[in-house]
Amino acid sequence: MSRTTKRLASMGAAALLLASCGATGFDPDLRGWMPGALSTADAAARAAPRPQPDRRGVITFPNYQVAVARSGDTVGSVAARLGIDAARLAQHNALPANAPLAAGQTLVLSQRVAAGTGLPGSATSPGAVVDPFAGQAGRPAAPAPAPAAPQASAPAASPANPAQHVVASGETAWSIARKYDVTVQDLAAWNGLPQSMTLRVGQRLIVPVKGQEAPSAVAVTTAPGTGSPTPRPPSAAQPLPAEDTAPAAEPGPAAPATDLGATRTAASAGGRFQMPVSGSIIRVYEKGKNDGIDISATAGTAVKAAGSGTVAAVTQDTAGTPIVVVRHDGNLMTVYTGLDGLDVAKGDRVSGGQSIGTAGRGGFVHFEVRQGFDSVDPEKYIN
C-alpha cells in the first residue's frame, strides 16, 4: 500500500470518529445519522422469553401456576403427572379431560402444586421470571422488594407475575394482543398457540409482560423527505357487542292450508270408480296441462284398481317409472303412474280395489280416466 493510500485511510477513519461524537455522546454505529434505519425500539418492546418449566412441566408465578404440555399429552395425562383432579383442570381451561394437547401448549392450573426441580443446566429456579436486562453495565440493580401488604384483589402484572386473560366470544389473538399492547408473536410463544392462532371461548391465556416501551409516534421527528410514521389504527381489542336486529317488517300472514281433495262435490259421490289410493288431491285435472289428478301417497302405499277390468298395457315413462293401463266396460280406461313395484301383468283380470302395485318415492300417484283416447276429469267418475 502506498504512502498516499495510507494517509487517505487514516484521514477517513478520523472523520468517522469525529462524526460519532455528537451532542448525545459517543455514537459508534452512527445510527443518529440515519433516523429509523437502525432503530432497536421494536426489539426492546418485545417481551422476555417465557420462563423454563421444571421437570414436570410446571412454571410457578407468585399468584398462579401453569403446566406446559409435552408431545402426546392430554389434559388427563398432565393432571395425572401433577397429582390433581383432571375434571377440575379441564373445566378450568374450557377443555375436555381427554383433549389432546400440542407440545408447548399451556394449561393454567386450578390449584397449586408443590414446587419441583429445575431443568438440567438451568441456572435459575423454575418458574421465576428474571429481569432480562439485569447485570448490564450502567443499569442499576433492582431494589429488594418490600413486604407486600395483604390485599383482596390479585396483584398487578409484573415481570414476575404476568396477568391472565380469559377468552371471550368474538376475541382473537390479535385483538387480545392489542388490548394488552403486546405483540401477537409473544402472546403465541408464551401460550404455545398453533400457527392458525385458534382460540376457544373460556381459554386462559398468560399475558406476556412487554419490554421497554417503543417511542410514541407523535414524539418521533423525521428528516425532511422521509415521510411521517403511519398512525396505529383504532384498536379492536374488545369483542363486538351482541346485536339483536329487529326485522324491517313483520312477516306476512301464513297462507291457509288447502286440501284439494275436499273439492269433490256430493254429485261425484255416485261415480263409477274408487280412489286408487287414500290421499288428498294435490293437483287437479286441466285439459292439455294435466290430463289426470295427482293424489298424495307415501312410498310403499298400495295402489288399487279403480274398477274391474283387464290390464291392457304395462309400460314405462322416460324416467323408467312403471305405467299401468286398465281397460273397463263402456270404452273407458284408467291410467296409473308414479308406481314402484307391480303386482299385475298385461292381460290380467283385476277387480275394483285389487292391488296393482305400490306408490313410488315421488310422494304422489298420477291417475287418469280416458274415454277412448281422450282424457276426461277423473273427479267426475270417482265416488
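For the structure, see preceding data.
Now for a quick tour of the structure. Nothing here was measured: the structure is a model prediction, and the numbers come from that model.

**Some details on helix α6 (residues 184–191)**
Because an α-helix packs 3.6 residues into every turn, residues spaced three or four apart end up facing the same way.
At step 1: Within α6, six of the eight residues are buried, which leaves it mostly tucked inside the rest of the structure.
At step 2: Where α6 is buried, its residues meet β5 (106–108), α5 (173–179) and β7 (204–207).
At step 3: Phi for Gly-192, located one or two positions after α6, is positive at around 65 degrees.

**Observations regarding the packing of aromatic side chains**
At step 1: One pass over the full model with this rule turns up three aromatic pairs.
At step 2: Relative to Tyr-64, the ring of Phe-61 has its centre 5.2 Å away and its plane inclined at 50 degrees; by these criteria the two rings are tilted.
At step 3: Phe-61 sits in the buried class, given a relative accessible area of 1%.
At step 4: Seen in terms of ring centroids, Tyr-336 and Phe-367 are 5.4 Å apart; in terms of plane orientation they differ by 45 degrees. Their pairing is tilted. Taken together, the residues Tyr-336 in strand β13 (residues 332–337) and Phe-367 in strand β17 (residues 364–371) connect sequence positions 31 residues apart. Exposure class is identical for Tyr-336 and Phe-367. Each is buried.

**Looking at the pairing of strand β16 (residues 355–359)**
At step 1: Summarising the sheet, strand β10 (residues 302–304) and β16 pair through three bridges and their orientation is antiparallel. Residue pairing in the sheet places Ala-302 in a bridge with Thr-358 of β16.
At step 2: Examined bridge by bridge, strand β14 (residues 339–342) and β16 share two bridges and lie antiparallel to one another. Across the sheet, Leu-342 pairs through a bridge with Gly-357, a residue of β16.

**Let's talk about the sheet that holds strand β3 (residues 58–60)**
Each strand in a sheet pairs with its neighbour through backbone hydrogen bonds, running either in the same direction (parallel) or in the opposite one (antiparallel).
At step 1: Pairing is antiparallel in the open sheet, where three strands are placed in the order β3-β4-β5. A strand with exactly one partner marks an edge of an open sheet, and here the two such strands are β3 and β5. Averaged over all pairs of adjacent strands, the angle between strand axes in this sheet comes to 25 degrees, irrespective of strand direction.
At step 2: Pairing geometry for strand β4 (residues 65–68) and β5, over three bridges, is antiparallel. Pairing of Val-66 across the sheet is with Val-108, part of β5.
At step 3: Its contacts with the sheet place helix α3 (residues 75–82) against β3, β4 and β5, and it is angled at close to 120 degrees to β4.

**So, α3**
At step 1: Of the residues making up α3, those classed as buried are Val-75, Val-78, Ala-79 and Leu-82. Buried positions in α3, seen along its axis, are confined to an arc of 100 degrees and lie on one side of it.
At step 2: Summarising the contacts, the buried residues of α3 are in contact with β3, β4, α4 (86–92) and β5.
At step 3: Where α3 ends, the next residue or the one after it, Gly-83, has phi of about 70 degrees, a positive value.

Conventions adopted
Residues numbered from 1 in each chain as written. Predicted model: local features only at pLDDT ≥ 70, side-chain atom pairs only at ≥ 80, totals over all residues. Heavy atoms only, no water. Buried < 20%, exposed > 50% of the residue type's maximum accessible area, 1.4 Å probe, protein only. Helix = DSSP H or I, 4+ residues; strand = E, 2+ residues; numbered from the N terminus. Contact = heavy atoms within 4.5 Å. Phe/Tyr/Trp six-rings, centres within 6.5 Å; stacked < 30°, edge-to-face > 60°. Pairing = 2+ DSSP bridges. Axes fitted to C-alpha atoms, helices over the stretch in contact; angles between N-to-C directions. Arc of directions from axis to C-beta.

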